[in-house]
Amino acid sequence: MEYCPKAHKDQSVALALSFCGDDRNDSYSVDNGVLNNACFVDALNLVPHVFLLFITFPILFIGWGSQSSKVQIHHNTWLHFPGHNIRWVLTFTLLFVHVCEIAEGIVSNGHMSTNHLHLFMPAFMGFIAATTSVIYYHNIETSNFPKLLLALFIYWVLAFFTKSIKLWKYAEYELGIQHLRFCITALLVILYGLLMGVEINVIRVRKYVFFANPQKVKPPEDLQDLGVRFLQPFVNLLSKATYWWMNPLIMGAHKRPIELKKIGKLPIAMRALTNYLSLKDAYEEQRQNSDDPEQAPSIWRSIYRAFGRAILLSSTFRYLADLLGFAGPLCILGIVKGLKNETATLDADKGCFFGVYFLSTSELLQKTTVLAVLLFLALILQRTFLQASYYVTIETGINLRGALLAMIYNKILRLSTSNMSMGEMTLGQINNLVAIETNQLMWFLFLCPNLWAMPVQIIMGVILLYQLLGYSALIGASVIVLLAPVQYFIATKLADTQKSTLDYSTDRLKKTTEILKGIKVLKLYAWENVFCDSVEQTRKKELTSLKTFALYTSMSIFMNAAIPIAAVLATFVTHACTSRDVLSPSVAFASLALFHILVTPLFLLSTVVRFAVKALVSVQKLGEFLQSDEIGEDSWRNGDVSVSLDSCKKHPGGTKAVNRKQPLRYQIDSYEQPPRRNLRPSETEDAAVKVTNGFFTWGGNLSTLSDINIRIPTGQLTMIVGQVGCGKSSLLLAMLGEMQTVRGEVYWSKQPECEMVHEGTISWSDVDPTFDASVSKNRNSVAYATQKSWLLNATVEENITFGSPFNKQRYKAVIDACCLQPDIDLLPFGDQTEIGERGINLSGGQRQRICVARALYQNTNIVFLDDPFSALDIHLSDHLMQEGILKFLQDDKRTMVLVTHKLQYLIHADWIIAMKDGSVLREGTLKDIQNKDVELYEHWKTLMNRQDQELEKDTEEDNQTVLERKTLRRAFYSREAKGQIDDEDEEEEEEDDEEDALSTVTSRRSKIPWKVCWRYLSSGGFFMVVMMISSKLLKHGVMVAIDYWLAKWTSKEGNDVDNFPRGTNITKDEEHLSYYVPVFSILCGAGIVLCLITSLTVELMGLSAATNLHHNLLNKIIHAPIRFFDITPLGQILNRFSADTNIIDQHIPSTLESLTRSTLLCLSAIGVIAFVTPAFLIGMVPLSIAFYFIQKYFRVASRDLQDLDDSTQLPLLCHFSETAEGLTTIRAFRHESRFKQRMLELTDTNNTAYLFLSAANRWLEVRTDYLGAVIVLMAALASIWHSSGELKSGLVGLGLTYALTVTNYLNWVVRNLADLEVQMAAVKKVNSFLSTESENYEGSMDTSQVPEDWPQHGEIKIQNLCVRYDPSLKPVLKHVNAFIKPGQKVGICGRTGSGKSSLSLAFFNMVDMFEGKIVIDGIDICKLPLHTLRSRFSIILQDPVLFSGSIRFNLDPERKCTDDGLWEALEIAQLKNMVKALPGGLDAVVTEGGENFSVGQRQLFCLARAFVRKSSILIMDEATASIDMATENILQKVVMTAFSDRTVVTIAHLVASILEAEQVLVFSSGILVECDSAASLLAQEDSLFSVLVRTHK
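Rules and cut-offs
- Residues numbered from 1 in each chain as written.
- Predicted model: local features only at pLDDT ≥ 70, side-chain atom pairs only at ≥ 80, totals over all residues.
- Heavy atoms only, no water.
- Helix = DSSP H or I, 4+ residues; strand = E, 2+ residues; numbered from the N terminus.
- Contact = heavy atoms within 4.5 Å.
- Patch = residues over 30% accessible without salt bridge, like charges linked within 9 Å, V, L, I, M, F, W, Y side chains within 5 Å.
- Areas by Shrake-Rupley, 256 points an atom, 1.4 Å probe, with all protein chains shown as cover.
- Salt bridge = Lys/Arg side-chain N within 4 Å of Asp/Glu carboxyl O.
- 1 Å grid on protein atoms, 1.4 Å probe; cavity = no way out; pocket = protein on both sides within 12 Å on 5 of 7 lines; lining within 4 Å.
- Points joined across faces, edges and corners; volume = space filled by probe spheres on them.
- Buried < 20%, exposed > 50% of the residue type's maximum accessible area, 1.4 Å probe, protein only.
- Polar contact = N/O pair within 3.5 Å; in protein donor to acceptor, adjacent residues only side chain to side chain.
- Core = buried A, V, L, I, M, F, W, Y, C linked by side-chain atoms within 4.5 Å.
- pLDDT = per-residue confidence, 0-100.
- Pairing = 2+ DSSP bridges.
- Axes fitted to C-alpha atoms, helices over the stretch in contact; angles between N-to-C directions.

K.L.:
Whenever I open this one, the overall build of the protein confuses me. Can you help?
P.N.:
The helix and strand inventory of the protein stands at 48 helices and 26 strands. Long-range pairs, those at least 24 residues apart, make up 82% of the contacts in the protein with a sequence separation of at least 6.

In structure tokens, the structure reads:
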């Protein structure tokens, strides 16, 4: 042992900073050998560092411009040197060890008499060199110049050797592990050795030096694609940890909104397809390895197989973060303890070797400053690991969601049609799977590392507490643990309530949707209040459920706030009563910090468990869905090869299943064709499709079609006719293989052009034992137009071309054949206008013609048209028949099958199939039937004779306008007018040329929407708001008081120890028990009560706001004028009731609670620290500025990304529901692979947005966490600096404990602020609808003044009537005068757009009658209250609307009519027998939209409905437009008999239907031009009426 000199008073100051110190003459002596001089050895260690700095600085500063990579990539992200991540980890460790070495050197130097710079100077240089090395390396790597790495290699070698010499010398002097410097040196030797190894490995792999041919490297595909902007997988470790690569995006958002183009594409590994394939393989593998083929594969196991590694990585990060979390309390313990014992002296002689002082580890850790720095580093690391863990789970969750969506979509494309039509699998269920279940699983993945990290955290926390406080700590911990089950109970209750709330809200939404879809009928029948009440009732149930939800939520919040208080109370009171030990401030506040740590996992536990339960339910639903029936399975799987979404798997199965889904162009797998399928050529050459002995069903044992034997001749026009509901459409679907085949065969002949491609492959699959038939698989795509038109959310052009290449000439021919040009001209962007659910609402006829155009445009051999004329008027029908079917299709020599009710076209048919009651009545040419079945032919003739068969060519010009163009034009005028008034949500209007319609929404920048927040709060009620604010402030005040009292109490105790002699313990305890403990207990009790009050007030306020907003919204919308519904897309109104209402109901209250809590916590913490150490406030200034900018940038970027996420989610969900609705069409066209591709694109787009959003959240959290760490460091240093004065150690503990909480809550302030901003948008949207004008329901007459039986006669006087749809639009009726006698049958006709329908609306006062009046039975209808007026008339509309419920409810929702009355009405409408046959009779179920009845039957129900209301005036608005002639005859007959004594006004588009009318009003462009009896008008050759009759108009 050597002599270690003490400081001398007379030390000369001149050499105070000498490198080797100046305390001995032999400081520089090397008598004992050069290496035995400690100073020289340290100097030697400086050499490598200086060498590195000299070499690298010139290269770093000069040589960068010249190097650039050959390949165009994101330069700075291409990491291609092997061992990249290890190098970064080792360098960071090296930096940390250098910091320790500096600290050790400085502290050791303090023990020397003069300054020995060599103790810390080399370490400091080492730190700079290590930092330089990593910057240098990063630049070399990104510029791809590996030769320069040699400098680093030399540096590592030199550093390794110089440090090894130092270590060897220390060992020689018998220094060991107990000396800190020895340990540090040993660590450095190891690290330099490892870094040297990494460098050698780079040389070995890349061969950039010492080898003849260096390795060539190419950047990964993702980086060559400039579209990939999500760089997290490709950037270096530092950028990965701090999300530095996000800076340009987040900062840039302030100048320009983030758009889809900006966020680009996903890297390949994250795309839905990649993840789908890995999940699918895991799923299928289980299926193959399972012994029991019936058993469904486990989805959980598949998820683990596909994504297990990422989950493990995330869990590792999580464990590291949790362990580092305990550094906080331990450092507080050390600092507070250290401040009290600062005066203790150390014996300097003990650690002197080698001429310098050597510290032990414990000595270093007694230095409070060292502890403060350690605490800071631990916090930074802990937060970095925590965010890394979050990021990895979120990325995995998103990947899983993408995979699940692809899996669900694949399944949807294979679902059997009967599942859909029999209601086993509704659209709602599918939408839930897509929107809810996949998200539940994703969220579960986000939270799942908590499941295994929490127990470890809790156990560690309890052990540490026990170390500090002994048994009393266990009491506190047991309080927490005992209350955990209560929390779990509350969480499960929450989940249940949420489920029932969801059921009610689904129910409410269904009712609201029906109301909005049938709003016209409701208004015309004055039923809006009946239906409104039914919604309000459901809403009441939902609100009861929400109240329970709010109660449980507030209980949950209360538990989380109250448990720590209760635990602390129990612990310290127990300690005060039982323990003889003094409760010191250090122990008290370390325990407090530990309790804070313990509460977090317990708070999260309930949430995690709840999500786990939800995930289990979701997986069960998914499993059931994936196991549901499919249309013949295997061959369908041969999707597009390029998108090989499904590999062919062939299942051995006994029974054979119909399977038609095998796109020829994507043939993958061929199976042997069984011999019995080869039919003789003679049978097949003239038939495109042949059905022999077919029995088909929609599920169940009942055959819908029985004994079908038909053939469809190739290249000819086949017509299928028959009455409503006889199975015509089913026959088409049976041929397409959509129905389940009980027995029989469907044979598709080979098309000549595809014989080469395809050799009649057949595949079998076991789906359902009832499948006992086979269908030949060699059918090409079939162009199919369904009866219920199905449009895509796309432009008109995309709807028509439907994925086929665009051919201008053909496109134009199709448009002309379908007479679409005039309609297209009306659209705002021509054929580039978006139509479909989210786009512009077209009328039935327009939609139908677009569907027919799609079928005509496709280049397929076979075309199936299912009643394409149902929504068209006669003129259009004739045009479509002549131009489209007879000319366009027959020129192409295509095989056509046409289902129709228009018998006048039978003369054009090459082959006729007549159906009756689900079987074929007759088959043959018209001549065959004329000869063989005279009766049928005569029956047809009587139905046809009311139609003139010749189509006159000379009226082509008059055909320019079409049935619904007026409505469309009207919608646009009014839409534009509304657009000027408010553009709140009209995204469609302000579409940019090249931008997506949805991206414009993001362009509105705004500050925090205080106005909207105030509106929300005010709708919650003034009293509740005051309660909420005051209780919150009180609660936080009490919380601070509790901790302050603890500081006072413990500091007092500490002082007691100093001031009292040993024997006076008893009095001290008494004082505590009598004074400090009671006050502490009272404060804690008050805190707990206030927690309960605050949590309740927030939730209840939220509930009352939700109640008021929904109530007002519903009433506003239901009473809005009909024009509002013409100009506002249905989806937009529904969004207010679904998404927005849901946000207001369930999300805003909790966000508001969280925001206020975290803000107040942060403010109180900063207040406490400032109170303890005012100097801290100086440091707070730069931090506040940094925080302000971080939150400002983040909020804007977050809102943009949130909008992008929302706006990209909508098309994805729409695509799913669209596909489910149009399944039969997509499968007939064989376009599955195209739709899959689209789905993958949409999923990836949405996932990109979501990933960027979560990366932005991590960006924020890392930054706020680092700020929090700086706050802790500053608070600690300030208190250490202050402690030299009179600062009580208890207060220091208080300040530090609060500083630690800030790190947890800072990011929540910003996150909640951003969330609230986004959620307040929902309130804003709802508010924008609340400003809608309502119809004037009052009227100037009182209800009592209107006679009970008005209108008793049905006399109508129209006097100088002018009508417009809106004050900003032109009049649609001008100065109309007419008189209709009681009981008269009046026909109203005119060309499309002449104002016929407007007149019918005027009778109900649904349009603006700005001049003139309509007087009915002596009363001016404008003066009547609307409800009275509308409840006294009956109307039958063109589109039959039925509501879900019973038949009774549909005929008489107000329950005014007796059963006999209802049966009488049904008998008149010829429905009595049919309804009697239904289970339940009048109470038989009507499904949504009346889908379980045919269109004709629905129209007859509407007739019965009109009859039930015994009104003396009946208005029929083109009621016969969409039904067959037989039904139309029934209708006409009923009108003539049952309504013989009533006034009937018929608005006709078939002039033939009003030829018997006693009076005819003929309109032309809003003016009444003729008014006389039909006979006398016909007698005038030149009257407009006779022209219309002659031209069929």
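K.L.:
Explanation requested: a nonpolar patch on the surface in the structure shown.
P.N.:
On the surface, a nonpolar cluster with roughly 370 Å² of combined accessible area is contributed by Val1181, Ile1185, Tyr1188 and Phe1189. Note on placement: Tyr1188 falls in helix α36 (residues 1176–1221).

K.L.:
Whenever I open this one, empty space enclosed by the protein confuses me. Can you help?
P.N.:
It is the rolling of a water-molecule-sized probe over the atoms that shows where space remains empty. Scanning the entire structure with this criterion turns up 14 cavities of 30 Å³ or more. Within this model, the second largest cavity holds a volume of roughly 80 Å³. Forming the walls of the second largest cavity are Lys1385, Val1386, Gly1387, Gln1532, Val1535, Met1536, Val1544, Thr1546, Ser1553, Ile1554, Glu1556 and Ala1557. Listed by contribution, the elements that provide at least two residues to the lining of the second largest cavity are β17 (1385–1390), α46 (1525–1537) and β24 (1543–1547).

K.L.:
Just checking my understanding: could you explain the side chain of Gln858 for this structure?
P.N.:
Residue position: Gln858 is located in the loop between α26 (844–857) and β11 (862–866). For Gln858, a relative accessible area of 3% corresponds to the buried category. A polar contact is formed between the side chain of Gln858 and the backbone oxygen of Thr801, at a distance of 2.7 Å. Apart from residues no more than four positions distant in its own chain, Gln858 is found in contact with Ala783, Ile800, Thr801, Phe802, Ser804, Arg810, Arg894, Phe1229 and His1231.

K.L.:
Hey, could you run me through the nonpolar core in this one?
P.N.:
Buried together is how nonpolar side chains tend to be arranged in soluble globular proteins. Trp245, Met246, Phe572 and Phe1080 are the most contacted members of the largest nonpolar core, which totals 130 residues. Of the residues forming this core, the biggest block, 18 residues, is contributed by helix α38 (residues 1232–1282). Beyond its immediate stretch of four places on either side in the chain, Trp245 contacts Arg229, Phe230, Leu231, Gln232, Val235, Ser239, Phe1252 and Ala1255. One finds Val535, Ile1144, Ile1148 and Val1376 within the second-largest nonpolar core, a separate group that totals 121 residues.

K.L.:
What should I look at first to understand the confidence of the model for the protein in this one?
P.N.:
Any residue range with low pLDDT should be treated as having predicted coordinates unsuitable for detailed reading. Chain-level statistics for the protein give a pLDDT mean of 79 and a share of 84% at 70 or above. When pLDDT is averaged over each helix and strand of the protein, the minimum, 36, is found for strand β7 (residues 774–775) and the maximum, 92, for helix α14 (residues 368–412). Low pLDDT, under 50, characterises residues 753–778; the stretch is placed with 92 contacts to residues that sit more than four places away or in other chains. Predicted confidence is poor over residues 947–964, with pLDDT under 50, and the contacts of this stretch with residues over four places away or in other chains come to 42 contacts.

K.L.:
Quick question: what am I supposed to make of the sheet that holds strand β14 (residues 919–924) here?
P.N.:
Across a sheet, strands are paired by hydrogen bonds formed along the backbone, either parallel or antiparallel in direction. Strand order in the open sheet formed by 6 strands is β8-β11-β12-β5-β13-β14, with mixed pairing between adjacent strands. A single partner strand is all that each edge strand has here, and the edge strands are β8 (782–785) and β14. Taken over all neighbouring pairs, the strand axes of this sheet differ in orientation by 15° on average, direction set aside. Relative to β11, β8 runs parallel, the two being bridged by 4 bridges. Note that in β11 the partner of Ala783 across the bridge is Val863. Each of β8 and β11 touches α26; the most contacted strand, β8, lies at about 170° to it.

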